[in-house]
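Per-entry structural report
Letter by letter, the chains look like this.
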Amino acid sequence: MGSFLPDSSSYELLTVIGRGLDDLMTVNLARYRPTGIHVAIRRIDLESCTNDMVTYLQGELHVSKLFHHPSILPYKSVFIAENELWVITPFMAYGSARDLICTHFTDGMSELTISYILLGMLKALQYIHHMGYVHRSVKASHVLISADGQVCMSGLRSIFSLIRHGQRAKVVHDFPQYSVKVLPWLSPEVLQQNLQGYDSRSDIYSLGITAFILIKNYELSMKPSRSGADSGICEGPGAGGVRHSNGEPSSSSGGHPYNRTFSPHFHAFVELCLQRDPEKRPSATTLINHPFFKQIKRQPSEALPELLRPVSPITSFDSSQPQDSPSGLASLESGLSHLEVDDWDF
Ligand code: ATP
């Protein structure tokens with residue numbers, strides 16, 4: 001993708017495609033003026049961040065420099081523009097897995113589609129764990145899919161290193177901060193916050209929850225009162241029924257979740273990930289070889305765009321959109337009718 005100047009005037013902000021960090025972060029689609037290439041820019045209002053938050057963000061930026069893997073979203077440039085931290089990343093034109101299940105695959109995705117997404121996630125986790133880190137924020141909004149079907153993991157803000165004073169610790173006791181929305185995805189041992197601590201297997205549990213949600217969009221019925229947190233899976237820009245939806249019925253999903261059947265391998269895979277005892281959960285490396293993935297016969301670049309049809313990646317861009325309009329994406333897809341999601345219950 002080449003290099004990107006650390007200068008805000010080199011970027012034309014187009015429209016808002018996401019928000020995060022308790023709304024302190026806005027994700028913009030933007031055009032890089034020197035080449036015309038489209039990128040996503042994460043803009044964080046530093047004036048509204050506490051000192052602790054800034055330290056947290058520094059940790060994320062440090063890790064992003066260390067990591068180089070095709071399944072992890074790369075940070076192409078990082079700089080301060082006025083009072084904002086700008087992080088330039090490739091634009092992932094299918095958005096996140098959350099966007100996809102909120103706008104089109106409202107009854108869940110097909111098993112084969114899920115297998116491609118989970119395999120991409122596992123490759124990222126295998127690398128992260130091998131590097132001595134626990135991701136701690138594995139969830140559908142942190143899985144992004146590019147126009148050519150590459151699956152990338154993002155969400156490095158909560159990542160935690162097991163390496164202490166040059167030694168790899170067996171467990172972590174630290175509880176991830178600023179991540180209320182991730183609570184429903186966290187493993188029992190992370191939530192328990194007890195002396196036993198947790199390790200990279202906690203990410204495997206969150207992967208199991210992701211699988212479950214991609215099957216049946218389970219969070220539609222997940223109430224804040226029960227989980228203690230609003231996971232916000234289907235809210236905000238990019239998830240309000242505008243992104244990628246082409247107004248067709250969910251014909252490419254596997255049908256209503258309660259009428260669908262899944263292979264025994266898929267059941268076994270999800271069950272393994274969701275073992276309550278972390279010792280019984282396989283590592284990412286072991287899971288990559290699980291028979292569930294034997295159904296994958298083609299490269300994701302060939303298969304995923306086809307499997308995600310009739311959803312199409314955003315490839316036409318309108319620079320006349322207001323920069324902060326959450327509904328800007330709707331105009332990018334003018335002519336496409338919207339799915340109704342108002343009655344979803346959190
Ligand atoms: P939270 O605080 O909820 O954990 P976050 O701060 O981690 O959120 P992200 O989930 O990374 O923020 O980004 C919010 C949303 O913005 C994503 O779910 C996705 O819809 C969109 N988004 C982020 N980065 C990109 C990208 N590179 N390409 C396309 N869409 C993106």
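Please refer to the structure placed before this passage.
Anyway, here's the lowdown on the structure attached to this text. (Residues numbered from 1 in each chain as written. Predicted model: local features only at pLDDT ≥ 70, side-chain atom pairs only at ≥ 80, totals over all residues. Heavy atoms only, no water.)

**Things to note about the packing of helix 3 (residues 111–130) against helix 9 (residues 300–308)**
At a closest axis distance of 10 Å, the pairing of helix 3 and helix 9 adopts a crossing angle of 135°. Judged by the inter-axis angle, helix 3 sits oblique to helix 9. Handedness of the helix 3/helix 9 crossing: left-handed. Residues Leu112, Thr113 and Tyr116 of helix 3 pack against Pro300, Ala303, Leu304, Leu307 and Leu308 of helix 9. Classifying every residue of the contact of helix 3 with helix 9 gives 7 nonpolar, 1 polar and no charged. (Axes fitted to C-alpha atoms, helices over the stretch in contact; angles between N-to-C directions. Helix = DSSP H or I, 4+ residues; strand = E, 2+ residues; numbered from the N terminus. Parallel < 35°, antiparallel > 145°, perpendicular 65-115°, else oblique. Left-handed = near helix turned anticlockwise from the far one by under 90°. Contact = heavy atoms within 4.5 Å. Nonpolar A, V, L, I, M, F, W, Y, C, P; charged D, E, K, R; others polar.)

**Describing the nonpolar core**
Ranked by internal contacts, the top residues of the largest apolar core, which has 81 residues, are Phe67, Leu118, Leu122, Phe266 and Phe269. When residues in this core are grouped by element, the largest group, 11 residues, is from helix 3. Built from parts of two domains, this core gets at least three residues from each of domain 1 (8–90) and domain 2 (95–220 + 262–308). Leave out the neighbours within four places in its chain, and Leu118 touches Leu207, Ala211, Phe266, Phe269, Phe292 and Phe293. The next biggest cluster of nonpolar side chains, apart from the first, holds 11 residues, and it includes Tyr11, Phe79, Trp86 and Ile88. (Core = buried A, V, L, I, M, F, W, Y, C linked by side-chain atoms within 4.5 Å. Buried < 20%, exposed > 50% of the residue type's maximum accessible area, 1.4 Å probe, protein only. Domains from an automatic or database assignment.)

**Let's talk about the environment of Leu186**
For Leu186, the position within the fold is in the loop between strand 12 (167–168) and helix 4 (188–192). The exposure class assigned to Leu186 is buried, which follows from its relative accessible area of 6%.

**A look at the sheet that holds strand 6 (residues 95–96)**
Overall, antiparallel pairing links the 3 strands, which are arranged 6-8-9 in an open sheet. Every other strand in the sheet has two partners, leaving strand 6 and strand 9 (151–153) as the edge strands with one partner each. One ladder, built from 3 bridges, connects strand 8 (residues 143–145) with strand 9; its direction is antiparallel. Among the inter-strand pairings, Ile145 is bridged to a residue of strand 9, identified as Val151. Sheet contacts for helix 3: strand 8 and strand 9; angle to strand 9, the most-contacted strand, approximately 45°. (Pairing = 2+ DSSP bridges.)

**With respect to the site of the ligand**
Around the ligand, the structure places 22 residues, and the nearest of them are Leu21, Pro90, Asp99, His142 and Arg157. Within the side chain of Arg42, one N or O atom sits 3.0 Å away from an oxygen atom of the ligand. Between an oxygen atom of the ligand and a side-chain N or O atom of Ser96, the distance comes to 3.5 Å. Compared with its free state, where it exposes 620 Å², the ligand has 96% of that area covered by protein. Looking at the shell around the ligand, the elements that each hand over two or more residues are strand 1 (11–20), strand 2 (25–32), strand 3 (38–45) and strand 5 (84–90). If one sorts the elements of the shell around the ligand by residue count, strand 1 sits on top with 4 residues. Residues belonging to the shell around the ligand are distributed by class as follows: 9 nonpolar, 6 polar and 7 charged. (Near = heavy atom within 4 Å. Polar contact = N/O pair within 3.5 Å; in protein donor to acceptor, adjacent residues only side chain to side chain. Areas by Shrake-Rupley, 256 points an atom, 1.4 Å probe, with all protein chains shown as cover.)

**Concerning the sheet that holds strand 4 (residues 77–81)**
With antiparallel pairing, 5 strands are arranged side by side in an open sheet as 1-2-3-5-4. At either end of the open sheet lies a strand with only one pairing partner, and these are strand 1 and strand 4. For this sheet the average axis-to-axis angle between neighbouring strands, irrespective of direction, equals 30°. Bridge count for strand 2 against strand 3 is 7 bridges, and the pairing is antiparallel. Bridging across to strand 3, Met25 finds its partner in Ile44. Strand contacts of helix 1 (residues 51–66): strand 3, strand 4 and strand 5, with the helix running at about 30° to strand 5, the strand carrying the most contacts.

**Let's talk about the pairing of strand 3**
Along any regular strand, the residues point their side chains to alternate faces of the sheet. Counted residue by residue, strand 3 has 7 buried out of 8 residues, so it is predominantly covered. Counted between consecutive antiparallel strands, the loop separating strand 2 from strand 3 contains 5 residues, among which Gly36 sits at a positive phi close to 85°. Where strand 3 and strand 5 come together, 7 bridges link them in antiparallel fashion. Residue pairing across strands places Asp45 opposite Glu84, the latter belonging to strand 5.

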